[in-house]
Amino acid sequence: MTALSDGKTHQGGNGQVSRPPSAPSSMASDAVATMLEARSVALVGASVRASSFGSRMLAEVGKSSARPRIYPVNPRYAEIGGQRCYPSLTDLPEAPELTLLGVPDATLEGQLALAASVGSRAAVIFGSAHDGGPPRQGSPGSSAPGSSAPGSSGRLAGGSPAPAGTGLRERLASIARDAGMALCGAGCMGFANVSYGLRALGYTEPDPLPAGPVALVTHSGSVFSALLRARRGFGFTLAVSSGQELVTAAPAYLEHALTDPGTRVIGLVLEAIRDGGALRRVLGAAAELDIPVVLLTAGSSAGGRAMVAAHSGALAGDDGGWEALARACEVHRVRDLAEFTDTLELFSLGRRARAAGPNGDGAATLRAGIATVHDSGLERAYVVDVAESLGVPFAEIGPAARDRLAGLLDPGLVPANPLDVWGTGADTRELFGGCMLALADDPAVEAVALAVDLVHEFDDDDSYPLAILDLAARTTKPVAVLSNLASAVDPDLARQLRGQGIPVLEGTRSGLLALRHLLDHARPKGGEAGLPVSAARLPGTHGARIDRDRQARGAALLASGQATGVALLNLLADYGIAGARSQAAGGLGAALAAAEQIGYPVVLKTGEPAIEHKSDVGGVLLGIGDVAELTAAYADLATRLGPRVLVCQTVQPGVELALGIVRDPELGPLIVIGAGGVLVELLADRAVALPPVSGAEAGELLAGLRVAQLLAGVRGAPPADLGAVTQAICCLSQLAIELGDQLEALDINPLICGPGGAVAVDALANLRVLGS
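Within every chain, residues take consecutive numbers counted from 1 along the sequence as written. At least 70 in pLDDT is required for a residue's local features to be given in this predicted model, at least 80 for side-chain atom pairs to be given and counted, and no such filter applies to totals for whole chains, interfaces and linings, which use all residues. In computing side-chain values, all of the structure's heavy atoms are included and hydrogens and water are not.

### Some details on the pattern of salt bridges
In plain terms, the rule: The working definition used for a salt bridge is a side-chain nitrogen of Lys or Arg within 4 Å of a carboxyl oxygen of Asp or Glu. Helix numbering and strand numbering both begin at the N terminus, where a helix is a DSSP run of H or I of at least 4 residues and a strand a DSSP run of E of at least 2.
Taken as a whole and judged by the stated rule, the model has 32 salt bridges. Among the ionic pairs, Asp 636 bridges to Arg 640, the shortest N-O distance being 2.9 Å. Linking Asp 636 with Arg 640, this pair stays in helix H21 (residues 627-640), spanning four residues, or about one helical turn.

### Comments concerning the nonpolar core
Our working definition: By nonpolar core we mean a set of buried residues, namely Ala, Val, Leu, Ile, Met, Phe, Trp, Tyr and Cys, connected to one another through side-chain atoms within 4.5 Å. Type-normalised accessible area, obtained with a 1.4 Å probe on protein chains alone, sets the label of each residue: buried when under 20%, exposed when over 50%, and partly exposed for intermediate values. Contacts are assigned to residue pairs with any non-hydrogen atoms lying within 4.5 Å of each other.
Core analysis: the largest hydrophobic core is formed by 60 residues, its most contacted members being Leu 98, Leu 100 and Leu 283. In terms of residue count, the dominant contributor to this core is helix H6 (residues 250-258) (six residues). What Leu 100 contacts, discounting residues up to four positions off in sequence, is Val 41, Ala 42, Leu 43, Val 44, Met 57, Val 61, Val 124, Phe 126 and Ala 200. Counting 43 residues, the second-largest nonpolar core is a separate cluster that includes Phe 236, Val 334, Phe 347 and Val 386.

### Observations concerning the confidence of the model for the protein
Worth spelling out the cut-off: Residue-level confidence of the predictor is summarised by pLDDT, bounded by 0 at the bottom and 100 at the top.
Averaged over every residue, the pLDDT of the protein is 87; the share at 70 or more is 84%. Ignoring residues within four places in sequence, the model shows residues 133-162, a span with pLDDT below 50, making 62 contacts including any to other chains. Considering only residues more than four positions removed or in separate chains, one finds that residues 527-543, a stretch of pLDDT under 50, has 33 contacts.

### A word on the sheet that holds strand E22 (residues 620-624)
This is how the line gets drawn: Any two strands are treated as partners once DSSP identifies two or more bridges connecting them. Simply put, an axis is a line fit to the C-alpha atoms, just over the touching stretch for a helix, and the angle between two N-to-C directions goes from 0 to 180 degrees.
Pairing in this open sheet of four strands is antiparallel, and the strands run E20-E23-E21-E22 from one edge to the other. With one partner strand each, in any of the chains shown, strand E20 (582-585) and E22 form the two edges of the open sheet. Between one strand axis and the next, the sheet turns through 20° on average, direction left out of account. Across three bridges, the pairing between strand E21 (residues 602-606) and E22 is antiparallel. In the strand pairing of E22, Leu 604 is matched with Leu 621. Of the strands in this sheet, E20, E21 and strand E23 (645-649) are in contact with helix H20 (residues 588-598), which crosses E23 at around 10°.

### Side note on the packing of helix H18 (residues 548-560) against helix H25 (residues 722-739)
How we decide: When an angle is under 35 degrees it counts as roughly parallel; over 145 it counts as roughly antiparallel; between 65 and 115 it counts as roughly perpendicular; any other value is oblique. Residue polarity follows a fixed list, in which Ala, Val, Leu, Ile, Met, Phe, Trp, Tyr, Cys and Pro are nonpolar, Asp, Glu, Lys and Arg are charged, and the others, Gly among them, are polar.
Running from N to C, H18 and H25 cross one another at 75°; their axes reach a closest spacing of 10 Å. Here H18 lies roughly perpendicular to H25, going by the angle between them. In this structure, H18 contributes Arg 550, Gln 551, Gly 554, Ala 555 and Leu 558 to the contact, and H25 contributes Gln 734, Glu 738 and Leu 739. Counted by class, the contact of H18 with H25 contains three nonpolar, three polar and two charged residues.

### Focus on the packing of helix H11 (residues 377-390) against helix H16 (residues 508-522)
We apply this condition: Note: crossing handedness is left-handed where the near helix turns anticlockwise from the far helix by less than a right angle, and right-handed where it turns clockwise.
Taken N-terminus to C-terminus, the directions of H11 and H16 make an angle of 55°; their axes are 10 Å apart at the nearest point. Between H11 and H16, the crossing angle belongs to the class labelled oblique. For the crossing formed where H11 meets H16, the hand is right-handed. Mapping the contact onto sequence places Tyr 382, Val 383, Val 386, Ala 387 and Leu 390 in H11 and Thr 508, Arg 509, Leu 512, Leu 513 and Arg 516 in H16. Among the residues forming the contact of H11 with H16, the class breakdown is seven nonpolar, one polar and two charged.

### Topic: the packing of aromatic side chains
For the record, the criterion: Two rings from Phe, Tyr or Trp (for Trp, the six-membered ring) form a pair when their centres sit within 6.5 Å of each other. Planes less than 30 degrees apart are called stacked, planes more than 60 degrees apart edge-to-face, and all others tilted.
Tallying each qualifying case throughout the model produces five aromatic pairs. Between Phe 53 and Tyr 203 the ring centres are 5.3 Å apart and the planes differ by 80°, which places this aromatic pair in the edge-to-face class. Of this pair, Phe 53 sits in helix H2 (residues 53-62) while Tyr 203 sits in the loop between strand E9 (198-201) and strand E10 (211-218), placing them 150 residues apart in sequence. Given the relative accessible area of 28%, Tyr 203 is considered partly exposed. Feature note: the residues Phe 53, Phe 126 and Tyr 203 constitute an aromatic cluster, connected by ring pairs.

### Concerning the sheet that holds strand E5 (residues 98-101)
The strand order across the open sheet formed by five strands is E2-E1-E5-E6-E7, and the pairing between neighbours is parallel. Since the sheet does not close on itself, it has two edges, and those belong to strand E2 (69-73) and strand E7 (182-185), each with one partner. Direction aside, neighbouring strands of the sheet carry axes that sit 15° apart on average.

### Points about the environment of Arg 354
Here Arg 354 shows up in the loop between helix H10 (337-349) and strand E15 (369-374). The exposure class assigned to Arg 354 is exposed, which follows from its relative accessible area of 58%. Counting along the chain gives 92 residues from Arg 354 to Glu 446, while the straight-line C-alpha distance between them is 6.5 Å.

### Describing the pairing of E9
Because side chains alternate across E9, one face comprises the buried residues Leu 198 and Ala 200, and the other comprises Arg 199 and Leu 201, equally buried. Sheet topology places strand E8 (residues 190-193) next to E9; four bridges connect them, and they run antiparallel. Looking at the pairing, Gly 190 lines up with Leu 201 of E9. Hairpin connection of E8 to E9: four residues between the antiparallel strands, including Gly 197 at a positive phi of 100°.

### Comments concerning H6
Across the nine residues of H6, nine count as buried, placing the element largely inside the fold. The set of residues buried in H6 consists of Ala 250, Pro 251, Ala 252, Tyr 253, Leu 254, Glu 255, His 256, Ala 257 and Leu 258.

### Let's talk about unusual backbone geometry
In the segment running from Asn 417 into Pro 418, the intervening peptide bond is cis, with an omega of 0°. Residue Pro 750 is reached from Asn 749 by a cis peptide bond, and omega for that bond is 5°. With respect to the secondary-structure elements, Pro 750 resides in strand E27 (residues 743-754). For Glu 245, which is not glycine, the phi torsion reads 50° and is therefore positive.

### Digging into the side chain of Arg 352
For clarity, the cut-off: Any pair of N or O atoms that falls within 3.5 Å is considered a polar contact. Within protein, one atom must be able to donate a hydrogen and the other to accept it, and sequence-neighbouring residues count only if both atoms are side-chain atoms.
Here Arg 352 is to be found in the loop between H10 and E15. A polar side-chain atom of Arg 352 sits 3.4 Å from the main-chain carbonyl oxygen of Asp 290.

### Quick word on H25
Let me state the cut-off plainly: By this rule, a helix spans an expected 1.5 Å times one less than how many residues it contains.
For H25, spanning 18 residues, the distance from its first C-alpha to its last is 25 Å, which sits close to the expected 26 Å at 1.5 Å a residue. When we look at burial in H25, the residues that qualify are Val 725, Thr 726, Ala 728, Ile 729, Cys 731, Leu 732, Ser 733, Gln 734, Leu 735, Ala 736, Glu 738 and Leu 739. Regarding H25, its N-cap is Asp 721, as a side-chain oxygen of that residue lies 3.1 Å from the backbone nitrogen of Gly 723 further along.

### Digging into the pairing of E8
Neither face of E8 is left uncovered, since the one carrying Gly 190 and Ala 192 and the one carrying Phe 191 and Asn 193 both have all their residues buried. Pairing geometry for E8 and strand E11 (residues 236-241), over three bridges, is antiparallel. Its bridge partner being in E11, Phe 191 is matched across the sheet by Val 240.

What follows is the structure, given as structure tokens:
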């Protein structure tokens, strides 16, 4: 018989999840490694005043189990708590490996410069580094009147000043970079290296900190503190509140975390991409190690981006950059903190799912997915509704499982998945445990959840928790409790279950999404040449062939400033993207000759280079069938918009897509696919990816669009040639690889897709400004 206990285990499950091998130590910079595993720490601004920041900072570092050498620095005190306090960093007996700056913004610059001058390898800036104006002349590190911050005592030496007129944050970053220092912050809560035993914090946090397999980096200090105190089924190897990331960004902390074999899950709460190339590499490395990455971002809406800019000065781009990065690096992207914590718990505490295999008789597996067991018919229906809206699949169980269930259930209950078990209420533990085991034994079931409200039972009935523990002991598949209402969960019971390796998911929506992430992580992933998708996306690892002659031709055209109209369509054709036959004309005679060569009916468009969106100004005239109609159409356009026109082939009607390249400031060129024509902005139906994009990936991007139903053919319309559409996407991806550095954006709209192929009808290129 399995009994409940308060014992803790961080492995969870049956141990089938092996710890990843240690990543190469070269991934982590020396300065960041020194910061996170510092053996000596200077605390500038340490204080004896109870509840002051300097007092808390000193107390928190003093709780470090690594027992670093601690040097309080403040000229106001000779000692603090029986420990010697030094007037200045220059008075310390050694160069501190890490310096914590608990000082007002007015003295930050001088104190950071002083830390650099004495050879400190890293620093944490807790304050916001708000620029109140240029530093005062004289002693740049002198104390603000009435503050507890130490001055430089006139001993500042070395360091190269930032250019005059720069802001405080830029000057701080310049000091740290020039000295080769790692810098956490500004505007942060610090960090805790739980594996090593170092607490570089300025605020009181739990002692001990929860230990476990998660490496957390968050731009939000509030989220950092909340997660440290969440009392969920996960703990940390490393937790970093990185703040403004003036010098050291999230990828550097993650690189170090991947060198810790205890790191089995990564959690990120970020509001902007900084050092995009490094972030892409480290997320790809995590995917290669099969370490799940759970990502929550802020700033996807226009209002959110404005708040991000006001909060940290970061320029949060459109959500497409995050979307592309998550897709490329197999990141599990979540939408709120409830989904974030449920997903972290499931990956941290539970077992990993395995993709469903064939049935025992060798037949193909029925639809794979989760199985849930309920004690309420209404709640079962509710979970089904939510799961369907979220795309969470339920396994289609086979006849053997249905027969086993029928032998266990009370009369009138249907053996199915999801399963309503509640009948007479007799033998609850055996009934629920047996039903869950019957489901777990079905090959199509990838994970089992006991979907009950884990409330406090006033009669001390522990049948439900004992039933899930019985199941965990008899199956190797992932098991979890799925609660519908977080506030109703019995915290003591949840703690005991988590201590036995059973995740307790605290919401219907968030829990179902966590289960979907678990299943998605188990799905086979493949890129070109059998490489994992992540490997195919890592810079320098993909074998994309560069056609140097074609690249040179394209670069010359873009540099000439003539990449418009026919020339741009010809460039697309050079990359394999079919375009409507077109000729430019500067007068009626040339337009008539072009139409004769192309063949009526034709389309007449304005060719004036200053007009980017032709349809917006009535600059596209369709279905011109003869010379008379063309003469009248030309006169109209020439009068309204100018004499230059394009005479174009009439393309057979089809579904209109928009394909494009847009440059992300951190990630480089992105491929964008969406509904085209005049609906491109109204529908906002689009998918974004990082190049290179393979044919299979292009198909997945298309399948995720609402317009995919039109491509498949509706109401008697023939389906589009999806092979031609995916080929066009791959060709555009290759163009982005070869010419993306010269483009700010490239827009193909529309790409008309029909049974005969995919044809680019119009295109627009915006060149990248040199040096941007």
